[in-house]
Amino acid sequence: MVTGVHGDTGPGRIVFRVDDERLTAFAGLVCVGELARRTGLVELIDAELASEQRAAPVKRRRRGVSGGELVVSLAESQLVGGECFDDIEDLRADAAGAPLRAVAAVPAAPTALQLAKRFRRCLCQAVERGLARAGQRLDRALGRDPAEPVTIDLDATVIEVYGAAKRGASRNRSGQLSFAPHVAFWAQRGRALTGELVAGNREKLSAREAAAICRRALRRLPAGHGPVTFRIDSAYYAIDLFKALRAGAARFSVSVPRTTAMWKALEQIPDNAWQPAIDMDGAEVAETSYVPEGWRHEPLRLIVRRRCFSARELSKSPRARRLKTIHPEQLQLALAGRLAAVYGYSFILTDIEKLAAEVEHFHRHRAQIEERLKDASWARRCDACPPQTSTPTASG
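Right, let's walk through the structure included here. Every chain's residues receive numbers from 1 upward, in the order its sequence appears when written. Only residues with pLDDT of 70 or above have their local features reported here, since the model is predicted, and side-chain atom pairs are shown and tallied only from 80 upward, although totals for entire chains, interfaces and linings are computed over all residues. Calculated side-chain values reflect all of the structure's heavy atoms, with hydrogen atoms and water omitted.

## A few points about the overall build of the protein chain
So, point 1. Each helix and strand in the protein chain was counted, giving 12 helices and 11 strands.
So, point 2. Three exposure classes are used, based on accessible area relative to the maximum for each residue type with a 1.4 Å probe and protein chains only: buried under 20%, partly exposed in between, and exposed over 50%. Counting only residues that meet the buried cut, the protein chain has 47% of its 396 residues in that class.
So, point 3. Pairs of residues are marked as contacts when any of their non-hydrogen atoms sit within 4.5 Å. Taking all contacts inside the protein chain whose residues are at least 6 apart in sequence as the whole, residues at least 24 apart take part in 65%.
So, point 4. Using the Shrake-Rupley algorithm and a 1.4 Å probe, accessible areas are obtained, with residue cover drawn only from the displayed protein chains. When the accessible surface of the protein chain is summed, it comes to about 21200 Å², and 51% of that surface belongs to carbon and sulfur atoms. A run of H or I in DSSP counts as a helix once it spans at least four residues, and a run of E counts as a strand once it spans at least two, with each numbered from the N terminus.

Right, dumping it as C-alpha cells:
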C-alpha cells in the first residue's frame, strides 16, 4: 500500500501488509503435516507414552492436546524458527495454517510448558520409540530394504543458551553457557535414533554412558535389519565401549587420539606399505595391528592416513587443528625451518573386514553427521527443559 504520491519526489511511505486471514506464513508445514498424518506419527507417540509404566502418564484434558500432539506441535514451532515456548503462540495465532499442520489445535505457551515439565526420562524414550516406528512406516512406504547394512554415527554438538538461571546448563571449554547433545544418527536413513542431553561441560561421556546410547540406538532399528557398524568420534574412545559393541554384534570404526602409543605403532608400518587414499588427493593409507590395553579379543586393525604439508602451509597458531596431526618432534623442526615438509596423521581403530583404503574412506564420511548437527534447527536452539534423554522431535 502506498500512502500517497508527492509530485516529482516519488511515492510516499510504502507499507507492506498481510491482513488477509486466508494467508499463512508457515505454508511449508504442509509437508510436515502430510508426512505426520501418513505415518500416524502423533498416534504412534501417544501409544508409546500410554504403554510406559515407569512414570505417570501425560493426561489429555477434555479440550487440550495429547502428549504426542504436544511433542509434534513443539517440533513444528521449532521448524518455523521457534526458539522458546512463547514462540509456539505464533503457530497458535495462525488460523489459516491450522489445516496444513500435523497438529491443528496448538496449545498455549503456558500450557505447553506445564505439560512438558511432566515428561520424565522414560517418557522421552517412549517418544523416541514412537518416532522409530513412524520411521519404519516411512521406509516401508518408500520400498526401502530393512535388511540393508546399517551405519550409526555417534557424535556430540553444542547448544549455546543464555541466562544464568538456565537449569542444567554449564560452561563448556570455550566458556559458553551450553548443553551438549550426544546423538546416535542412522546415516543411510538420515535421521536420529536416540540421544542424550547433558550439561555443556560434558562433551565427553563415560564408556558406560556412551554404551547405553549405542544399545538404545540398536533397539530403535527395525526387526530384520542388516549388519550394524558404528562410526565413532575420538571423544568416545574407550575399551568398555568397544566391548559393549562387540556384545551387541556391531562392528565399529573409531578415531583414535594421537597418543604416544599411536606414534609408536606408526613406526611399525614400512615405507612401501602406503597406498593412495580414496577421493582425497595427496593422502595415503596404510595399516598395522594394535591391541589396546584391556582388549581380550583378536588384535584390531589400526588404519593410518597421512598427508604431506609444506612448512609454509603450517599455521603459527597453537590452536590450529592441522598442527595436532603432526608428530610433535617433526612439528618443532618444521616450525624452526629445519624441515621443508612434514606429514600429518590420522588414526582409525576398527574391526571392519575391508581394504584399508575402503575403511578409511568409509570412516571419513562420519563427518556428515557433524554437518547435519550444525544444520539441524534443534541443534541450535534449546528450551527450558532440564538435561534428560533428548527427543529428536525437534529435528523434525
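## A look at the pattern of salt bridges
So, point 1. For salt bridges, the criterion is a side-chain nitrogen of Lys or Arg within 4 Å of an Asp or Glu carboxyl oxygen. Following the criterion strictly, the structure yields 29 salt bridges and no others.
So, point 2. A salt bridge links R129 to E52, with the shortest nitrogen-to-oxygen separation between them at 3.2 Å. You can see R129 sitting in helix α6 (residues 121–141) and its partner E52 sitting in the loop between α2 (41–51) and α3 (67–79), a full 77 residues away along the chain.
So, point 3. On the basis of relative accessible area, R129 is assigned to the partly exposed category, the value being 22%.
So, point 4. Classification of E52 as buried rests on a relative accessible area of 8%.
So, point 5. When the shortest N-O distance is used, the salt bridge between R92 and E89 registers 3.8 Å. Here E89 and R92 lie together in helix α4 (residues 88–92), a separation of three residues that amounts to about one turn.

## Let's talk about the packing of aromatic side chains
So, point 1. Here a pair means two rings of Phe, Tyr or Trp (six-membered ring of Trp) with centres within 6.5 Å. Their orientation is stacked below 30 degrees between planes, edge-to-face above 60, and tilted elsewhere. All told, the structure shown has eight aromatic pairs when counted by the stated rule.
So, point 2. Between Y345 and F347 the ring centres are 6.5 Å apart and the planes differ by 25 degrees, which places this aromatic pair in the stacked class.
So, point 3. Its relative accessible area of 2% is what places F347 among the buried residues.
So, point 4. An aromatic cluster is built from W263, W274, Y343, Y345 and F347, whose rings are joined through pairwise contacts.
So, point 5. Throughout this description, the term charge over a ring refers to an Arg CZ or Lys NZ atom that lies within 6 Å of the ring centre and within 35 degrees of the ring normal. A cation over a ring is seen here: R231 above F362, with NZ or CZ 4.7 Å from the ring centre.
So, point 6. Its end group placed over the ring of Y343, R306 keeps NZ or CZ at 4.2 Å from the ring centre.

## Here we look at the packing of α2 against α6
So, point 1. Between N-to-C directions, angles span 0 to 180 degrees; the directions come from axes that are lines fitted to C-alpha atoms, helices contributing only their stretch in contact. Contact pair α2 / α6: the axes reach a minimum separation of 8 Å and the direction vectors enclose 140 degrees. Looking at the two axes, α2 sits oblique to α6. Here the hand of the crossing between α2 and α6 comes out right-handed. Residues L41, L44, I45, A47, E48, L49 and S51 of α2 lie in contact with α6, whose contacting residues are L123, A126, V127, R129, G130, L131, R133, A134 and R137.
So, point 2. Polar here means any residue outside two lists: the nonpolar Ala, Val, Leu, Ile, Met, Phe, Trp, Tyr, Cys and Pro, and the charged Asp, Glu, Lys and Arg; Gly therefore counts as polar. Along the lines of polarity and charge, the residues of the contact of α2 with α6 split into 10 nonpolar, two polar and four charged. For classification purposes, angles smaller than 35 degrees are called roughly parallel, those larger than 145 roughly antiparallel, those between 65 and 115 roughly perpendicular, and all remaining angles oblique. Left-handed describes a crossing whose near helix is turned anticlockwise from the far helix by less than a right angle; the clockwise case is right-handed.

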